[in-house]
Amino acid sequence: MAIPIPAHWCWPPPGSSGSTDDTTPAAMRHGLDPGTLSLYQNTVLGFIYAYLPKPPVSATPILSCAAAAAEEDGGIDRISGLPDDLLSRILVRLPAKDGARTSVLSTRWRGLWLSAPLVLADTDFLPHGGAEGRPPRPGAVTRAVSAALRAHPGPFPFVSLSCQFIKAVDADRAVLARWFQFLATKGVEELAFVNRPSPYAGLRLPAALFSCASLRRLYLGAWRFVDTATLPRGASFPRLQELVLGAIALEDRDLNFLLAASPVLEVLTIVGSVEKLHACLTSHSLRCAQFCLVLVLKKWR
């Protein structure tokens, strides 16, 4: 008897519109060539990408009505005449690179972009969104992300970094440290951070991750977790409600630390753990725990 496959495992998704973004393999949309990945990597990354939240912005807005109106009015710019509150709401719904471009329109737009919350997704910096499978120039996406984090004062309600290829070298470690300093001071609330298909043995997430006290939802993929034994007393995620770990190399003590440091955590998902886990889920707030492609011995208390 055939076993039905859940819809969110399929690609392209059932009922998709057939647009370029829908029909492009998921790995390619995140700057990877599916042909270079093993079956295991493809499977794990497929799960990770399925769990990643979609940015609350639109990279392909329908502007036909606005264009028609502009032609009828002789090209008069009526959008700039809207109240600041409405313009700010427009900017929040634009990809970061498009929002930044509005600052060249006038000094008024420049001030609005800097004051509006920033939604940052590095997939917007790929050539054509990665749709044609052309890899970005080495370091191009990383530099664009660094520039956006440096230029905007925040807050950052949503940041998705899934096209990074950070290596275990001092220069890339310095980049990671700067990014988390920016994210911590600018109030990131929802963060998705995916690296290579497999974590580097010598490359850990920086301890500054625990400086992001504003986080409510956190998605990590293909990393070696922070060495929790070196964290200062009191390191915590006081507001974290949802945590997804995909292909993360972490030890039992790290998972225990995470649970103890997340007093309001409600949802925990682990997909494709690199290490065998002996998980003792001790939490007063946890409502749902999901383990997929993980060799785990677990207890719930």
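What counts and how
Residues numbered from 1 in each chain as written. Predicted model: local features only at pLDDT ≥ 70, side-chain atom pairs only at ≥ 80, totals over all residues. Heavy atoms only, no water. Helix = DSSP H or I, 4+ residues; strand = E, 2+ residues; numbered from the N terminus. Buried < 20%, exposed > 50% of the residue type's maximum accessible area, 1.4 Å probe, protein only. Contact = heavy atoms within 4.5 Å. Phe/Tyr/Trp six-rings, centres within 6.5 Å; stacked < 30°, edge-to-face > 60°.

Here we look at the overall build of the protein
A tally of helices and strands in the protein yields 10 helices and 9 strands. Scored against the burial criterion, the 301 residues of the protein give a buried share of 41%. Long-range contacts, defined as pairs at least 24 residues apart, comprise 63% of the intrachain contacts of the protein with a sequence gap of at least 6.

Comments concerning the packing of aromatic side chains
In total, this model carries 6 aromatic pairs according to the counting rule given. Residues Phe-193 and Trp-223 carry aromatic rings whose centres are separated by 4.8 Å and whose planes lie at 45° to one another, so their mutual orientation is tilted. Pair noted here: Phe-193 is in strand 3 (residues 190-194) and Trp-223 is in the loop between strand 4 (217-221) and strand 5 (242-246), with a separation of 30 residues, a long-range link. Relative to Phe-257, the ring of Phe-210 has its centre 5.6 Å away and its plane inclined at 85°; by these criteria the two rings are edge-to-face. Here the residue Phe-210 occupies a position in the loop between strand 3 and strand 4, and Phe-257 occupies one in helix 10 (residues 252-260), the gap between them amounting to 47 residues.

Some remarks on the environment of Leu-120
Relative to the assigned elements, Leu-120 resides in strand 1 (residues 119-121). For Leu-120, a relative accessible area of 1% gives the class buried.

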